[in-house]
Amino acid sequence: MTTIIYHNPACGTSRNTLAMIRNSGEEPAIVEYLQHPPSREQLLKMIRDAGLAVRDAIRQKGTPYAELGLDSVVLTDDQLLDAMLAHPILINRPFVVAEKGTRLCRPSELVLDILPNPQQGAFVKEDGEVVINAEGQRIASGR
């Protein structure tokens, strides 16, 4: 199975996640979801497979979340999905679908739990945090 990342190249978390996938020796299928959003069925499947509630998959920061009144507890999952599909920026990122499962990779290190191959060497996030040592082993986060 090819790993798929629903990616926003403007997002540091998404860039770090993509880089960790590549550090495992794999070149994933990249879906820039702002230009090519998933179908309703795909989005709902990713959310469920990741073990999330629909509300947990909505991005609030830097989106029209508040203006659209999406914080209302009376909104149904269908209404939230409608909003996410109408405004893909509301889909939290990055979602990664891999052989071992689906994750919303926030933080980006969550991708390590579902990749089929180990890390091939050291990895340092864009902010300087060391995630993988030179032997390809995960470092416990001190942050």
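Each remark here, short or long, concerns the structure printed above.
Predicted model only: the values in this text are computed from it and were never measured.

## Examining the pattern of salt bridges
So, point 1. Under the definition given, this model contains 8 salt bridges.
So, point 2. Among the salt bridges present, the one from Lys45 reaches Asp49, with a minimum N-O distance of 2.7 Å. Taken together, the positions of Lys45 and Asp49, both in helix α2 (residues 40-49) and 4 residues apart, correspond to about one turn of that helix.
So, point 3. On the basis of relative accessible area, Asp49 is assigned to the partly exposed category, the value being 40%.
So, point 4. One network of salt bridges, in which partners are shared, links Arg40, Asp78 and Asp82.

## Let's talk about the sheet that holds strand β3 (residues 95-98)
So, point 1. The strand order across the open sheet formed by 4 strands is β2-β1-β3-β4, and the pairing between neighbours is mixed. What marks the edges here is a single partner per strand, and that holds for β2 (29-32) and β4 (101-104). For this sheet the average axis-to-axis angle between neighbouring strands, irrespective of direction, equals 15°.
So, point 2. Along the sheet face, α2 touches β1 (4-7), β3 and β4 and points at about 80° away from the line of β3.

## Side note on the pairing of β1
In regular strands, side chains alternate between the two faces of the sheet.
So, point 1. Relative to β2, β1 is paired through 4 bridges, and the arrangement is parallel. Each residue of the ladder has a partner; that of His7, found in β2, is Glu32.

## Examining the pairing of β4
So, point 1. Only one face of β4 is covered, namely the one carrying Thr102 and Leu104; the face carrying Gly101 and Arg103 has none of its residues buried.
So, point 2. Two elements, β3 and β4, share 4 bridges in a ladder whose sense is antiparallel. Across the sheet, the residue bridging to Ala98 is Gly101, located in β4.
So, point 3. Where β3 hands over to β4, the hairpin turn is made up of 2 residues, counted between the paired strands.

## Looking at the side chain of Thr3
So, point 1. Mapped onto the fold, Thr3 is located in the segment before β1.
So, point 2. Residue classification places Thr3 among the buried positions, given a relative accessible area of 0%.
So, point 3. At a separation of 2.7 Å, a polar atom in the side chain of Thr3 contacts the side chain of Glu26.
So, point 4. Excluding anything up to four places from it in sequence, Thr3 contacts Ile21, Glu26, Pro28, Ala29, Val96, Val97, Ala98 and Pro116.

## Considering helix α1 (residues 12-23)
So, point 1. Between the first and last C-alpha of α1 there are 16 Å, a value that for 12 residues agrees with the 16 Å anticipated at 1.5 Å per step.
So, point 2. Restricting attention to buried positions, one finds in α1 the residues Ser14, Asn16, Thr17, Leu18, Met20, Ile21 and Asn23.
So, point 3. Among the structural elements, β1, β2, β3, β5 (123-124) and β6 (130-132) are those in contact with the buried residues of α1.
So, point 4. Remark: Gly25 follows α1 within two positions and exhibits a positive phi of approximately 90°.

Cut-offs used in this document
Residues numbered from 1 in each chain as written. Predicted model: local features only at pLDDT ≥ 70, side-chain atom pairs only at ≥ 80, totals over all residues. Heavy atoms only, no water. Salt bridge = Lys/Arg side-chain N within 4 Å of Asp/Glu carboxyl O. Helix = DSSP H or I, 4+ residues; strand = E, 2+ residues; numbered from the N terminus. Buried < 20%, exposed > 50% of the residue type's maximum accessible area, 1.4 Å probe, protein only. Pairing = 2+ DSSP bridges. Axes fitted to C-alpha atoms, helices over the stretch in contact; angles between N-to-C directions. Contact = heavy atoms within 4.5 Å. Polar contact = N/O pair within 3.5 Å; in protein donor to acceptor, adjacent residues only side chain to side chain. Expected span 1.5 Å × (residues − 1).

Keep in mind these numbers describe shape, not what the thing actually does.
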